[in-house]
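Here's the letter readout for the chains.
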Amino acid sequence: MYAFNYHRPASLADAAKLLGSATDGKFLAGGQTLLPTLKQRLASPSDLVDLNGIAELNGITVSGGSVIIGATTRHAAVAASAEVKKAIPALAALAGGIGDPQVRNMGTIGGSLANNDPAADYPGAVLGLGATIHTSKRKIAADDFFTGMFETALEEGEIITKVEFPIPKRAGYVKFPNPASRYVMAGAFVAETTSGVRVAINGAGPCVFRHKEMEAALAKSFSPDALKGIKTDAGSMNNDIHASSEYRAHLVGVIAKRAVLAALG
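Keep in mind it's a predicted model, so treat the numbers as computed, not measured. Every chain is numbered on its own, with residues counted from 1 as its sequence reads. Only residues with pLDDT of at least 70 are given local features in this predicted model, and only at 80 or more are side-chain atom pairs given and counted; all residues enter the totals for whole chains, interfaces and linings. By convention in this description, side-chain values take in all heavy atoms of the structure and omit both hydrogens and water.

**Student:** Explain the pairing of strand S5 (residues 66-70) here, please?
**Tutor:** Each regular strand carries side chains that alternate between the two faces of the sheet. Of all the 5 residues making up S5, 5 are buried; the element is thus mostly covered by neighbouring parts of the structure. Three labels apply to residues, based on accessible area from a 1.4 Å probe with only protein chains included: buried if under 20% of the type maximum, exposed if over 50%, partly exposed otherwise in between. A run of H or I in DSSP becomes a helix once it reaches four residues, and a run of E becomes a strand once it reaches two; helices and strands are each numbered from the N terminus. Here S5 shows no split at all, with Ser66, Ile68 and Gly70 on one side and Val67 and Ile69 on the other all buried. Two elements, strand S4 (residues 60-63) and S5, share 4 bridges in a ladder whose sense is antiparallel. Bridge pairing in S5 links Val62 to Val67. The hairpin formed by S4 and S5 contains 2 residues between the paired strands, and Gly64 there has a positive phi angle of roughly 60 degrees. With 5 bridges connecting them, S5 and strand S10 (residues 160-166) associate as antiparallel partners. Two strands qualify as a pair provided DSSP detects at least 2 bridges between them.

In structure tokens:
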């Protein structure tokens, strides 16, 4: 690990100011990706701006038909929240299945979304529920937020402050995890919302995406049988030592049906 300056601001304004004055600064949330990267000397930021001292970024509230989760809220807190379990059980279950206990007690929802790892869980929930990402500058719809592998619509210095999830009529999330790392090899978040059915696929491709053909089929009949015969293009799937693109394309269909079953209870 290279030397860096460490800062722990108490406000969003101070955080933005510190990052703006740094030669090559980085925000630190849970650090589940950034810290291993620093330890391997794959990055050498001049400054780390720790967001965990900013009280307004942490916490969970349910209000006006939405579940609102602060950016530095830990996965474990979301998984254990009685309010989340009641309003969106699939979201609580997703958070409870991320990584291992150590990761769940350190990782944050804001950090996960800002990093946008193809194998992360939270992007599936955000896109599947049609959430809104609130930042220090604006609001970003889920459909506009994820732009590519490890890429988002966030601008330089922009801080995720909270995520607003509309409470769906029903939702389900199922993933096929890598048995060693528990990273998602293929996952599906299916939700029946007030504006229609949404199906988000994570882990299988370079970036989380909506499966429009599945959405159309489930809009007509919300049942696993509605997905019979629907194929996923293998050419757009990831291909690595863990699974071929063809295998991941097949997994998408299997996992999506199970997610529908989970939503149906």
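**Student:** It is not clear to me how the environment of Ala43 should be interpreted in this structure. Could you clarify?
**Tutor:** Structurally, Ala43 can be placed in the loop between helix H2 (34-39) and strand S3 (47-50). Distance from Ala43 to Met1, taken between C-alpha atoms, is 8.5 Å for residues 42 residues apart in sequence. Should any heavy atoms of two residues lie within 4.5 Å, those residues are considered in contact. Discounting chain neighbours no more than four positions away, the residues touching Ala43 are Tyr2, Thr37 and Leu38.

**Student:** Help me out: how do you make sense of the pattern of salt bridges in this one?
**Tutor:** For side chains of opposite charge, pairing can occur when their charged atoms come near one another. Salt bridges are counted wherever a side-chain nitrogen of Lys or Arg sits within 4 Å of a carboxyl oxygen of Asp or Glu. Within this structure, the stated rule accounts for 10 salt bridges. Notably, a salt bridge pairs Lys137 with Glu155, separated by 3.8 Å at the nearest N-O pair. Placement of Lys137 in the loop between strand S6 (132-135) and strand S7 (139-141) and of Glu155 in the loop between strand S9 (151-152) and S10 is noted, with a sequence separation of 18 residues between them. Look at Glu155 and you get partly exposed, because its relative accessible area is 45%. Residues Asp225 and Lys228 are paired through a salt bridge, measuring 3.6 Å at the closest nitrogen-oxygen approach. Judged by relative accessible area, Lys228 falls into the exposed class, the value being 57%.

**Student:** Would you take a moment to explain helix H11 (residues 245-264) for this structure?
**Tutor:** Multiplying 1.5 Å by the residue count of a helix minus one yields the expected span of that helix. Between its terminal C-alpha atoms H11 stretches 29 Å, which fits the 28 Å expected from 20 residues at 1.5 Å a residue. Burial in H11 covers these residues: Ser245, Arg248, Ala249, Leu251, Val252, Gly253, Ile255, Ala256, Ala259, Val260 and Ala263. Remark: Gly265 follows H11 within two positions and exhibits a positive phi of approximately 80 degrees.

**Student:** Would you explain the environment of Lys17 in this entry?
**Tutor:** As for its placement among the helices and strands, Lys17 is situated in helix H1 (residues 12-21). Sequence separation between Lys17 and Gly157 is 140 residues, and the spatial gap between their C-alpha atoms is 9.1 Å.

**Student:** So what exactly am I meant to see when it comes to the sheet that holds S10 here?
**Tutor:** By way of backbone hydrogen bonds, the strands of a sheet pair with one another, either parallel or antiparallel. The 5 strands lie next to each other as S4-S5-S10-S6-S7, forming an open sheet whose pairing is antiparallel. Single-partner strands in this sheet number two, and they are S4 and S7. Sheet twist, expressed as the mean angle between neighbouring strand axes with direction ignored, is 20 degrees. Here the axes come from fitting lines to C-alpha atoms, over the contacting stretch only for helices, and the angles between their N-to-C directions go from 0 to 180 degrees. Across the sheet, helix H8 (residues 122-129) lies against S6 and S10, angled at about 55 degrees from S10, the strand it touches most.

**Student:** Would you mind showing me how to read the packing of aromatic side chains here?
**Tutor:** The description of an aromatic ring pair uses the distance of the two centres, along with the angle that the planes make with each other. A pair of Phe, Tyr and Trp rings is counted when the ring centres sit within 6.5 Å of each other, with Trp represented by its six-membered ring. The angle between the planes then sorts it: under 30 degrees is stacked, over 60 is edge-to-face, the rest tilted. One pass over the full model with this rule turns up 3 aromatic pairs. Aromatic side chains Phe145 and Phe146 sit 5.0 Å apart centroid to centroid with 85 degrees between the ring planes, which places their arrangement in the edge-to-face category. Residue classification places Phe145 among the buried positions, given a relative accessible area of 0%. Note on Phe146: relative accessible area 10%, which makes it buried. A ring is scored as having a charge over it whenever the NZ atom of a lysine or the CZ atom of an arginine sits within 6 Å of its centre and within 35 degrees of its normal. One cation-aromatic arrangement involves Arg41 over Tyr2; the distance from NZ or CZ to the ring centre is 4.4 Å.

**Student:** What's the story with the pairing of strand S2 (residues 25-28) in this structure? I'm lost.
**Tutor:** With 4 bridges connecting them, S2 and S3 associate as parallel partners. Residue pairing in the sheet places Phe27 in a bridge with Val49 of S3. On the question of chirality, the crossover connecting S2 to the parallel S3 by way of H2 is right-handed. Assignment of crossover handedness uses the view with strands pointing away from the viewer, where a clockwise path from the first strand over the helix to the second indicates a right-handed crossover.

**Student:** Hey, could you run me through the nonpolar core in this one?
**Tutor:** Proteins that are soluble and globular tend to have nonpolar side chains buried together. In this description, a nonpolar core means a group of buried Ala, Val, Leu, Ile, Met, Phe, Trp, Tyr and Cys residues linked to one another through side-chain atoms lying within 4.5 Å. Counting 38 residues, the largest nonpolar core has Leu91, Leu113, Tyr122, Val126, Phe146, Phe165 and Phe189 as its most contacted members. Leave out the neighbours within four places in its chain, and Leu91 touches Ile69, Val78, Val84, Tyr122, Ala125 and Phe165.

**Student:** When you look at the sheet that holds S3 in this model, what are you seeing that I'm missing?
**Tutor:** Reading across the sheet, the 3 strands line up as S1-S3-S2 and stay open at both edges, with parallel pairing between neighbours. Across the chains shown, the open sheet's two edge strands, defined by having one partner strand only, are strand S1 (5-7) and S2. Across the sheet, the axes of successive neighbouring strands diverge by a mean angle of 20 degrees, strand direction being ignored. Across 3 bridges, S1 lies against S3 in parallel orientation. Among the inter-strand pairings, Asn5 is bridged to a residue of S3, identified as Asp47. Across the sheet, H1 is in contact with S1, S2 and S3; its angle to S2 comes to roughly 150 degrees.

All quantities given are derived from atomic positions and should not be read as evidence of function.
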